[in-house]
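# Structural features, examined
As a plain string of letters, each chain reads:
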Amino acid sequence: MRDLLFQGLFRRPHTEPAPALDPVAVEQLATSLGELARQRLGRSLSIREVDAGSCNGCELEIHALSNAYYDVERFGIRFVASPRHADVLLVTGPVTKNMRDALKATYEATPSPKWVVALGDCARDGGCFAGSYAVEGGVAAVIPVDLHIPGCPPPPLQILQGLLALLARADAKA
Amino acid sequence: MPSLSDLKREGLLAPQQRPWPRIIVDEVLWSGAATSVAERRMTLLALWGEAGAVHMALLEQATAEVAVISLNCPSGRFPSVGAQHPPALRLERSLHDLFGLEPVGSPDSRPWLDHGQWGVTAPLGANTPSTPQPPYPFLPVDGAGLHQVAVGPVHAGIIEPGHFRFTASGETVVRLEQRLGYVHKGIEGLMSGASLQQGVKLAGRVSGDSTVAYSYAFSLAAEAALELAVPPRAVWLRALLAELERLANHLGDIGAICNDAAFALMLAHCGVLRENVLRAAAIAFGHRLMRDLIVPGGVRRDLGADGRKAIEAALVSIRQQLPALVELYDETASLQDRTVGTGVVSAELVAQYGAGGFVGRGSGRAFDARRQLCYPPYDQLRFEVPVLTEGDVNARVWVRIREVEQSMALIDQLLDNLPAGELLAPLPAIAADGEGIAVVEGFRGDILVWLRLAAGAIARCHLRDPSWFQWPLLEAAIEGNIVADFPLCNKSFNCSYSGPDL
């Protein structure tokens, strides 16, 4: 272990420079973030991730955000264990009917001001699961959505661009 | 009790199913087959329903023969397999929820997938408006000083939703009861009437971490039904995709298991190696998780020189880094203290449940579909199937470490011997009927897909995730361990929620 840690001191870090903001996300957020919210949020985001019926592909890419290449915590973005500690709910999946109540309860447990980011193609409108007896057909069918990050699943860089846009908007007039 | 050849002799062979036979049986033979499974003469591979019939896929281990047996049940009732063979219970509860077919004699009539939220009962059967359900009755637990901890469906980490009900005496878990079904999307309902193109897209979204393996199994089943031969280059590229998927998942999970024992250093290093594989996949095939690449007929994208170089570079990085990480895992006493002897599953249980993947192979069940069922190109490749007998978290980690090494050796062979030629055989112009079945070894274990085509469209498709036979063993593994070791045990299984919830 000593050798590994020692090597780490001298090797260049894996972490890559921050990506540019996603212009589409910036546009979407311009309409959804209020002045007060921007002040409260400051420069950090606490995110509670909720899988509301995803295939787990989105979860894999959200996990990847924490690896050494993306190192999401350097931007003040962190994933928290409880909705009560969260500013943002990051919701994946078409929202199955079996998860509807749990998603609502999680939303209600999140203190205001709060934002909802729907992640992945099926979180928008159900995607390829739309029309099933077992799905609601998108996050917006159950709770209000502020930002949608498309992709199946969106690669980590794209998720990061969306989240950074959320931070930048919040920071602009703070 | 009937063997597979007895069933073939006494039942009625259904036409058009390939490559393994489907045999229509009566209630007596059906129950006899259930007894054979309970007595371990055969392994239950899958049990599923459709309107008016139930089907069971069976594997005879000694001969590596597979067959499906079917029982028509116009009355809506069939003799319960779960009554004799507990691993069938959740499967029967699910098919009851979906089709309304009643397993007669089943000791557990509680719903499984149906949480009373769909607005209908038996959505794929009678599909009638539902009435409110009573609260789900968890199993009763009696005893002095016991307390319960209820967890989920929304968990603390970034994982899929499910409910765990722990009963503990002090810190020790006396019983874990799982309640799943939260991510049931109704995929089998969406499959009915879908085209093969829509079908393979859905199959690739049953469990995202196994998107290659699912689209692979679906495509093999569809090609069997259509009697379609796939170009050799596509056959080999499919195995390349499957091994890259296995590699990425194993690397990520080895790190994540150590992280659940509070050893974050392994996660950091393994996370880099996993990312290297995903980035190579993105360069080689245009998608990090290699989604929507395998389709009936072949593969949709060729491997170019850049892609080959990227994959080779990823392998070089793993070969440079992994030995030191494995040594670190093996020599860190505080980590070994957590993984050795924790979450033990007996060889008896994995044999009874026919558990596949590293869960089975960590407890002495030497089954790997690539070896036993020997589908191409694995019949032409050299690889070992690592098997350990300890059955603890450590054994499951070691099986995965050994499988990383095997997958890398397989990728070398695949890249060195990749045949030239076409990628995609055209689907037949005539809208055909037929039935096909396939089993593919995903990173988690064997995935089974059965489908029936009618006039070229999917009439019925069943996809059986390996986790069906692994989840119940997690309930056994945690017994007698402390509550704080549950995340560690759970991660060492890494069962899919989306896969079995479907």
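All of these numbers come straight from a predicted model, not from anything done at the bench.

Okay, the side chain of Q178(B) next. Residue and element names in this part refer to chain B. Its place among the elements puts Q178 in strand β13 (residues 172–179). Here R90 takes part through its side chain, which lies 3.0 Å from a polar atom of the side chain of Q178. With residues near it in sequence (within four places) discarded, Q178 still touches R90, W112, H163, F164, W471, P472, L474 and E475.

This brings us to unusual backbone geometry. Residues and elements named next belong to chain B. Cis geometry is found at the peptide bond from R18 to P19, where omega equals -10°. In this structure, P19 sits in the loop between β2 (17–18) and β3 (22–25). Of note, the amide linkage connecting P376 to P377 takes the cis form, showing an omega dihedral of 10°. Checked against the element boundaries, P377 lands in the loop between α13 (369–372) and α14 (393–417).

Another point: the sheet that holds β13(B). All names here are of chain B. Within the open sheet, the 3 strands sit side by side as β11-β12-β13. Their pairing is antiparallel. At either end of the open sheet lies a strand with only one pairing partner, and these are β11 (146–151) and β13. On average, adjacent strands in this sheet sit at an angle of 20° to one another, irrespective of strand direction. Sheet topology places β11 next to strand β12 (residues 163–169); 6 bridges connect them, and they run antiparallel. In the sheet register, A150 faces β12, and the bridge partner there is R165.

This part covers the domain arrangement of chain B. All names here are of chain B. Looking at chain B, the domain boundaries give domain 1 (4–129) and domain 2 (187–501). The C-alpha-based centres of domain 1 and domain 2 are spaced at 26 Å. Around 2800 Å² of area is buried between domain 1 and domain 2 when both sides are counted, 59% of it from carbon and sulfur atoms. Counting the contacts that link domain 1 with domain 2 gives 5 salt bridges. With a closest N to O distance of 2.8 Å, R452 and E50 form a salt bridge. Here domain 1 is connected to domain 2 by 12 residue pairs in polar contact (both at pLDDT 80 or more). Looking at the side of domain 1 that touches domain 2, the elements that each hand over two or more residues are β2, β4 (43–50), β5 (53–60), β6 (65–72) and α3 (89–99). By residue number, the principal contributor to the side of domain 1 that touches domain 2 is β4, which donates 8 residues. When the residues that make up the side of domain 1 that touches domain 2 are grouped by side-chain class, the tally is 19 nonpolar, 8 polar and 5 charged.

As annotated in UniProt, the feature "domain: NADH:ubiquinone oxidoreductase-like 20kDa subunit" (unreviewed entry) corresponds to residues 55–166 of chain A in the numbering used here. What you have in residues 55–166 of chain A is 33% helix and 14% strand, and the ends, taken at the C-alpha atoms, are 25 Å apart.

All names here are of chain B. Evaluated as defined, the whole model comprises 15 aromatic pairs over all chains. With 6.3 Å between their ring centres and 85° between their planes, W30 and F78 make a pair best called edge-to-face. Here the residue W30 occupies a position in helix α2 (residues 27–38), and F78 occupies one in strand β7 (residues 77–79), the gap between them amounting to 48 residues. Considered together, W30 and F78 belong to a single accessibility category, that of buried residues.

Here we take up the interface of chain A and chain B. Each side of the interface is counted separately: chain A has 49 residues, and chain B has 49 residues. Both faces combined, the contact of chain A with chain B buries some 3900 Å², and carbon together with sulfur accounts for 61% of it. Summed over the three residues of chain A that lose the most area to chain B, namely L4(A), N98(A) and Y133(A), the buried surface amounts to 20% of that side. Remark: the boundary between chain A and chain B carries 2 salt bridges. E61(A) is the partner of R288(B) in a salt bridge, and the nearest nitrogen-oxygen pair spans 2.5 Å. Connecting chain A to chain B are 28 residue pairs in polar contact (both at pLDDT 80 or more). Taken together, the elements giving at least two residues each to the side of chain A that touches chain B come down to α1 (2–10), β1 (45–51), α4 (57–64) and α5 (97–109) of chain A. Its residues assigned to classes, the side of chain A that touches chain B shows 27 nonpolar, 12 polar and 10 charged.

The rules behind these values
- Residues numbered from 1 in each chain as written.
- Chains lettered and ligands numbered in written order.
- Predicted model: local features only at pLDDT ≥ 70, side-chain atom pairs only at ≥ 80, totals over all residues.
- Heavy atoms only, no water.
- Helix = DSSP H or I, 4+ residues; strand = E, 2+ residues; numbered from the N terminus.
- Polar contact = N/O pair within 3.5 Å; in protein donor to acceptor, adjacent residues only side chain to side chain.
- Contact = heavy atoms within 4.5 Å.
- Pairing = 2+ DSSP bridges.
- Axes fitted to C-alpha atoms, helices over the stretch in contact; angles between N-to-C directions.
- Domains from an automatic or database assignment.
- Buried area = accessible area lost by both parts, 1.4 Å probe.
- Salt bridge = Lys/Arg side-chain N within 4 Å of Asp/Glu carboxyl O.
- Nonpolar A, V, L, I, M, F, W, Y, C, P; charged D, E, K, R; others polar.
- UniProt positions renumbered as here; feature names shortened; annotations may be inferred.
- Phe/Tyr/Trp six-rings, centres within 6.5 Å; stacked < 30°, edge-to-face > 60°.
- Buried < 20%, exposed > 50% of the residue type's maximum accessible area, 1.4 Å probe, protein only.

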